[in-house]
Amino acid sequence: MIENERASRTERVIAVGRKMLTAARTAPKGKGVDIVECAIVTGDDIARLSAAMKQLHAETGKPVYARDSENILKADCIVVIATRDLPLGLNCAHCGFATCEEKPAVVPCAINSVDVGIAIGSAVATAADNRVDCRVMFSAGMAAERLNLLDGCRQYFCIPLSASSKNPFFDR
């Protein structure tokens, strides 16, 4: 049997995406409280995410949404990582307020933000370990949040993945 690399590329990239989900899940969390949620977007749902980004461009005029909406269409899959909003009661003041009770609901818990960042770092390290190209995109994350891809979450980030001869997410 001969298996051409191109024939199984998408399947292998999705397998790495699944490893990235594990890396995000097992990343350290503040107080050991697991508030990170993650998923993989494939197929037609990538186009749906792209359409939501185009809508954000139409509403805001920010070129990043238009550029990245086209860019993610080159991905074999997209890893989505977000956080549930759960102030941890540490009263650490990293959010800018003295106590968790004083923090307005619109202000994210700083520890939640750090947790999602560590999860993203673990995930992209896994992509790098497997030689899969990726890029962390807040722009696609904003569209994923708008689509409520991970029910009840905020601070979404997306990581499109590709295994082509050149990383399509750079030199845009």
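This structure is a prediction, so every number in the text was calculated from the model and none was measured.

Peer 1: Any chance you could break down the overall build of the protein chain for me, citing the residues and the numbers?
Peer 2: Along the backbone of the protein chain there are 5 helices and 4 strands. If you list the helices and strands of the protein chain from N to C, you get α-β-α-α-β-α-β-α-β. Taking 16 Å as the expected radius of gyration for a compact globule of 172 residues, we find that the protein chain reaches 17 Å, a close match to that expectation. Principal-axis analysis of the C-alpha atoms gives the protein chain an extent of 60 × 40 × 25 Å. By residue count, 43% of the 172 residues in the protein chain fall in the buried class. Looking at the protein chain alone, contacts between residues at least 24 apart form 73% of all its contacts between residues at least 6 apart. Accessible surface computed for the protein chain: about 8,800 Å², of which carbon and sulfur atoms make up 55%. Averaging the positions of the 21 positive and the 20 negative side-chain charges in the protein chain gives two centres separated by 3 Å.

Peer 1: Now, about the pairing of strand β2 (residues 77-84): what can you tell me, with residues and values included?
Peer 2: Taken across its 8 residues, β2 has 7 buried, putting it largely inside the fold. Relative to β2, strand β1 (residues 36-41) runs antiparallel, the two being bridged by 6 bridges. Paired with V41 across the bridge in β2 is I78. As defined by bridge partners, β2 adjoins strand β4 (residues 153-162) across 7 bridges and the pair is classed as antiparallel. From the neighbouring strand, C77 faces β4, where its bridge partner is L161.

Peer 1: Account for the sheet that holds β2, with residues named and values stated.
Peer 2: Pairing within the open sheet is antiparallel, and its 4 strands lie in the order β1-β2-β4-β3. In this open sheet, the two edge strands, each paired with only one partner strand, are β1 and β3 (133-134). Taken strand by strand, helix α1 (residues 9-26) contacts β1, β2 and β4, and its axis lies near 175° from that of β1. The strands touched by helix α4 (residues 110-129) are β1, β2, β3 and β4; relative to β4, the strand with the most contacts, the crossing angle is about 10°.

Definitions and cut-offs
Residues numbered from 1 in each chain as written. Predicted model: local features only at pLDDT ≥ 70, side-chain atom pairs only at ≥ 80, totals over all residues. Heavy atoms only, no water. Helix = DSSP H or I, 4+ residues; strand = E, 2+ residues; numbered from the N terminus. Rg over C-alpha atoms; globule rule 2.2 N^0.38 Å. Buried < 20%, exposed > 50% of the residue type's maximum accessible area, 1.4 Å probe, protein only. Contact = heavy atoms within 4.5 Å. Areas by Shrake-Rupley, 256 points an atom, 1.4 Å probe, with all protein chains shown as cover. Lys, Arg positive; Asp, Glu negative; His and termini not counted. Charge placed at Lys NZ, Arg CZ, Asp CG, Glu CD. Pairing = 2+ DSSP bridges. Axes fitted to C-alpha atoms, helices over the stretch in contact; angles between N-to-C directions.

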